[in-house]
Amino acid sequence: VQLQASGGGLVQAGGSLRLSCAASGNIFSINVMGWYRQAPGEQRELVATITNGGRTNYADSVKGRFTISRDNAKNTVYLQMNSLKPDDTAIYYCNANIQTRYGSWSEYWGQGTQVTVSS
């Protein structure tokens with residue numbers, strides 16, 4: 001199983017970016033998918049999660065600015081980021097709880113994509 005993230009980049013404060021993360025491989029089912037981020041010198045923190053039923057959860061710092069969504073047919077999760085701030089600068093990692101065709105559940109991480117917001 002692999003998670004491939006894309007969509008990061010450099011943007012000015014107030015701008016927008018959309019991250020995507022596609023899961024592929026030996027997948028039978030995906031439960032929760034989410035995005036986390038890690039700024040230099042900081043611990044990795046939760047940004048947003050979404051269940052396979054569409055229930056969402058956001059960090060307080062991104063509520064009202066970021067929107068998480070998913071396409072279950074494509075095993076893909078998205079993060080629409082609007083009104084970006086310099087404090088949003090970090091490496092963003094996608095995460096998914098996946099059941100393989102062998103029946104076991106495991107947590108998987110993508111490779112990370114850099115988001116840099118200039119002031």
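Just above, that's the structure.
Remember, predicted model here, so these are calculated numbers, not experimental data. (Residues numbered from 1 in each chain as written. Predicted model: local features only at pLDDT ≥ 70, side-chain atom pairs only at ≥ 80, totals over all residues. Heavy atoms only, no water.)

Draft legend 1. Representation of the packing of aromatic side chains. Applying the stated criterion to the full structure yields one aromatic pair. The residue whose ring lies beneath Arg44 is Tyr93, and the NZ or CZ to ring-centre distance is 3.8 Å. (Phe/Tyr/Trp six-rings, centres within 6.5 Å; stacked < 30°, edge-to-face > 60°. Lys NZ or Arg CZ within 6 Å of the ring centre and 35° of its normal.)

Draft legend 2. Inspection of the pattern of salt bridges at higher detail. Tallying each qualifying case throughout the model produces four salt bridges. In this structure, Lys63 and Asp60 form a salt bridge, with 3.1 Å as the shortest nitrogen-oxygen distance. Since its relative accessible area comes to 49%, Lys63 is described here as partly exposed. One network of salt bridges, with partners in common, ties together Arg37, Glu45, Arg65 and Asp88. (Salt bridge = Lys/Arg side-chain N within 4 Å of Asp/Glu carboxyl O. Buried < 20%, exposed > 50% of the residue type's maximum accessible area, 1.4 Å probe, protein only.)

Draft legend 3. How the structure looks around the sheet that holds strand E7 (residues 66-71). Strands sit in the order E1-E3-E8-E7 across an open sheet of four strands; the sheet is antiparallel. Each end of this open sheet is capped by a strand with a single partner; those strands are strand E1 (2-6) and E7. Strand-to-strand twist across the sheet, computed as the mean angle between neighbouring axes with direction ignored, equals 15°. As judged from the six bridges shared by E7 and strand E8 (residues 76-81), these two strands associate in the antiparallel manner. Opposite Thr67, over in E8, you have Gln80 as the bridge partner. (Pairing = 2+ DSSP bridges. Helix = DSSP H or I, 4+ residues; strand = E, 2+ residues; numbered from the N terminus. Axes fitted to C-alpha atoms, helices over the stretch in contact; angles between N-to-C directions.)

Draft legend 4. Spatial organisation of the state of the cysteines. Taken as a whole, this structure holds one disulfide when the rule is applied. Disulfide pairing is shown between Cys21 and Cys94; the S-S distance is 2.0 Å. Linking Cys21 and Cys94, the disulfide has an S-S dihedral of approximately 50° and is accordingly described as right-handed. Taken together, the residues span a long stretch of sequence, with Cys21 in strand E3 (residues 17-24) and Cys94 in strand E9 (residues 90-99) at a distance of 73 residues. Under the relative-accessibility criterion, Cys94 is labelled buried at 0%. (Disulfide = S-S within 2.5 Å.)

Limitation: the analysis is restricted to geometry and does not speak to function.
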